[in-house]
Amino acid sequence: MNEMTTIDRTQREYSDAVKKALARKPQLYINGEWVDSSGGTTIDVEDPSNGKVISSFVEATDKDVDRAVAAARVAFDDGRWRNLPPVVREKTLHKIADLIEAHADELAELEAIDVGKPKGMASVVDVPGAANHFRYMAGWAGKINGDTLPPYSMPGNMMFAYTLKEPVGVCAQIVPWNFPLLMACLKIAPALAAGCTTVLKPAEQTSLTALRLADLIHEAGVPAGVVNIITGYGHTAGDRMVKHPDVDKVAFTGSTEIGKLINRNATEHLKKVTLELGGKSPVVVMPDVDVAETAPGVAGAIFFNSGQVCVAGSRLYAHKSVFDKVVEGMAATADFWAPRPSLDPAAHMGPVVSKEQHDRVLGYIEAGKRDGASVLMGGDAPSADGGYYINPTILTDVNPQMSVVREEIFGPVVVAQRFEDLNDVVKEANDTPYGLAAGVWTKDASAAVRIASQLKAGTVWVNCHAMIDPALPFGGYKESGLGHEQGRLGLEAYLETKSVLMKL
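Everything numeric in this text was worked out from a predicted model, so none of it was measured.

## A few points about the overall build of the protein
A tally of helices and strands in the protein yields 17 helices and 19 strands. Since a compact globule built from 504 residues should have a radius of gyration of about 23 Å, the 24 Å found for the protein is in line with a globular shape. Projected onto its principal axes, the C-alpha positions of the protein cover 75 × 60 × 40 Å. For the protein, the proportion of its 504 residues judged to be buried stands at 57%. Sequence separation of 24 or more characterises 74% of the internal contacts of the protein that already satisfy a separation of 6 or more. Of the side-chain charges in the protein, 49 are positive and 62 negative, and the distance between the mean point of each set is 5 Å.

## Side note on the environment of Ala71
Within the secondary structure, Ala71 sits in helix α2 (residues 62–77). Note on Ala71: relative accessible area 8%, which makes it buried. For Ala71 and Asn228, which are 157 residues apart along the polypeptide, the C-alpha to C-alpha distance reads 7.9 Å. Here Ala71 is in contact with Ile30, Asn31, Gly225 and Asn228, once residues within four sequence places are set aside.

## A short note on empty space enclosed by the protein
Taken as a whole, this structure holds 4 cavities of 30 Å³ or more when the rule is applied. Its volume calculated, the largest cavity comes out at about 110 Å³. In this structure, the largest cavity is lined by 14 residues; those nearest its centre are Ala21, Arg24, Ser56, Leu208 and Leu211. Looking at the lining of the largest cavity, the elements with two or more residues in it are β4 (52–58) and α7 (208–219). For the lining of the largest cavity, the per-class residue count stands at 8 nonpolar, 3 polar and 3 charged. When its volume is computed, the second largest cavity comes out at roughly 80 Å³. Together, 14 residues line the second largest cavity, and Ala312, Ser314, Glu408, Ile409 and Phe410 are the ones closest to its centre. In terms of residue class, the lining of the second largest cavity is made up of 7 nonpolar, 5 polar and 2 charged.

## Thoughts on the pairing of strand β16 (residues 437–441)
Working note: regular strand, side chains alternate between the two faces of the sheet. Of all 5 residues in β16, 5 are buried; the element is thus mostly enclosed. Of the strand pairs in this sheet, strand β11 (residues 282–285) and β16 are connected by 3 bridges, and their pairing is parallel. Paired with Val285 across the bridge in β16 is Trp441. For β16 and strand β17 (residues 459–462), the ladder comprises 4 bridges, and the chain directions are parallel. What sits directly across from Ala437, in β17, is Thr459. The β-α-β motif built from β16, the intervening helix α16 (residues 445–454) and the parallel element β17 has right-handed crossover chirality.

## Looking at the UniProt feature "domain: Aldehyde dehydrogenase" (unreviewed entry) in the protein
In the numbering used here, UniProt assigns the feature "domain: Aldehyde dehydrogenase" (unreviewed entry) to residues 34–500. Helix makes up 40% of residues 34–500 and strand 19%, whereas the separation of the span's terminal C-alpha atoms amounts to 42 Å.

## A look at the layout of surface pockets
Approximately 1,200 Å³ is the volume found for the largest pocket. Taken together, the elements giving at least two residues each to the lining of the largest pocket come down to α8 (234–243), β9 (249–253), α9 (256–266) and α13 (355–370). Among the elements that make up the lining of the largest pocket, the one with the highest residue count is α9 (7 residues). Taken together, the residues of the lining of the largest pocket sort by class into 17 nonpolar, 13 polar and 12 charged. Two domains each put at least three residues into the lining of the largest pocket: domain 1 (16–277 + 480–501) and domain 2 (282–462).

## Here's the deal with the sheet that holds β17
Reading across from one edge, β13-β14-β15-β12-β11-β16-β17 is the order of the 7 strands in this open sheet, with mixed pairing throughout. If you trace the sheet from one side to the other, it starts and ends with β13 (374–377) and β17, each paired once. Strand-to-strand twist of the sheet, defined as the mean angle between neighbouring strand axes without regard to direction, takes the value 25 degrees. Pairing between β13 and strand β14 (residues 393–396): 3 bridges, direction antiparallel. Bridge pairing in β14 links Ser374 to Thr396. Strand contacts of helix α10 (residues 291–303): β11, β12 (315–319), β13, β14, β15 (413–419) and β16, with the helix running at about 170 degrees to β16, the strand carrying the most contacts.

## Some details on the UniProt feature "active site" (unreviewed entry) in the protein
The UniProt record annotates "active site" (unreviewed entry) at Glu276. The topology assignment puts Glu276 in strand β10 (residues 272–276).

## Some points on the packing of α10 against helix α11 (residues 323–331)
Contact geometry for α10 and α11: axes closest at 8 Å, N-to-C directions at 60 degrees. Here α10 lies oblique to α11, going by the angle between them. In the packing of α10 onto α11, the handedness of the crossing is right-handed. Residues Val291, Ala295, Val298, Ala299 and Ile302 of α10 form the contact with α11, whose own contacting residues are Lys325, Val326, Gly329 and Met330. Looking at the contact of α10 with α11, its residues break down into 7 nonpolar, 1 polar and 1 charged.

## Let's talk about the environment of Lys443
Counting through the fold element by element, Lys443 comes out in the loop between β16 and α16. Along the chain, Lys443 and Asp126 lie 317 residues apart, while their C-alpha atoms are 30 Å from each other. With residues up to four places along the chain from it excluded, the contact list for Lys443 reads Asp288, Val289 and Asp290.

Rules of the game
- Residues numbered from 1 in each chain as written.
- Predicted model: local features only at pLDDT ≥ 70, side-chain atom pairs only at ≥ 80, totals over all residues.
- Heavy atoms only, no water.
- Helix = DSSP H or I, 4+ residues; strand = E, 2+ residues; numbered from the N terminus.
- Rg over C-alpha atoms; globule rule 2.2 N^0.38 Å.
- Buried < 20%, exposed > 50% of the residue type's maximum accessible area, 1.4 Å probe, protein only.
- Contact = heavy atoms within 4.5 Å.
- Lys, Arg positive; Asp, Glu negative; His and termini not counted.
- Charge placed at Lys NZ, Arg CZ, Asp CG, Glu CD.
- 1 Å grid on protein atoms, 1.4 Å probe; cavity = no way out; pocket = protein on both sides within 12 Å on 5 of 7 lines; lining within 4 Å.
- Points joined across faces, edges and corners; volume = space filled by probe spheres on them.
- Nonpolar A, V, L, I, M, F, W, Y, C, P; charged D, E, K, R; others polar.
- Pairing = 2+ DSSP bridges.
- Right-handed = clockwise from strand over helix to strand, strands pointing away.
- UniProt positions renumbered as here; feature names shortened; annotations may be inferred.
- Domains from an automatic or database assignment.
- Axes fitted to C-alpha atoms, helices over the stretch in contact; angles between N-to-C directions.
- Parallel < 35°, antiparallel > 145°, perpendicular 65-115°, else oblique.
- Left-handed = near helix turned anticlockwise from the far one by under 90°.

As structure tokens, this is what we get:
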């Protein structure tokens, strides 16, 4: 992309509240207290808008993990949370949501400088979404119930039979770096509503808001040991959590590769597992669309959050009659999506999260070029002093064998392809090991319903993209995951079902 105007990519000054959060002593939140690690190693925090180190946090040791799990185990077994009246759990979850909203500006800024996403986006997506997950799940705390069931093979009045829904126990929760606060709340809220206790580990790239969330959970009055938040690397602290014999359930959001490893490791003790994994989501654009509305929509489907979204619309299939107009319309959004520092009020897209991710995405773009793809827009990094910026990129002249078409890039890169026959495009859209999400753009409601029923994906959006709501279950087909989060299914992932039969 040739920038129409020169963009100043100097990061803005942080607020006093954020400076205070960055200056805090690196510690872990275990058993209701901020405690020192048993080791002395820390991990640097970088601002991806300029590549500068701005803070540090603890690299948890095995002993630290064991302390956190032990605290959660005692807190679960003695019933200090699960045996509270449901109304108390409900009120406490609402209190957490209140505190998130009260600190919304600080949390949005912390998220922005940690991940690289625009603060404006974090203010309208991440922070309200985090509060909403606690509010939605708060309502379930008093609505968890079993059933009374007449036995099928026994005479009437011989047996009284019923089921109970009980919390699964101690939960290890590992969240990714693209939506750190939102994902932490999405996992903690249903666990607390169900009566479980948790040990949460944020991603090693982005732990700032999880640590601040621990303060708010403490202030809300959650009993000691019910929520424990530790920081560290996935291959050490995360691995220890997954394998720990006192952990009853593992919930993970991240790559399919790591999800498979976690699933194998959790099998040793037959832990309950919920996995929300990768995607390569297709977006099908039918010939009847209003291109003026559709092109910006499909651009947003991939460039939102710098493409670092598991459901990003990274494979575009536009009907041949509108293909040129659609990709031209997407290219016209280049200035809108031009990457800027995360605290720039004009930013709609920021840098990617790290140098590692920056190199990974640019490597995929170069591989696409070598394989014969054409660059319609972007395909490079703007000049910036230290920041991890990548211009929004559209690749055309691609084929299904290319790595840019088959593999999850997790960056602002879309591969655009023409189609003519609807049956063929559905087949191509489904030709992937992933099945997390998909999109359809059309004015024909009947066509939308037919296509949605044929796409092998856990969520299908029509004339929109990445619209997530706490009430709607979210999960993937195929290698995009196991189980569901959000909605009633998300709550039930933290519950066991017990049958009770009483002879009369």
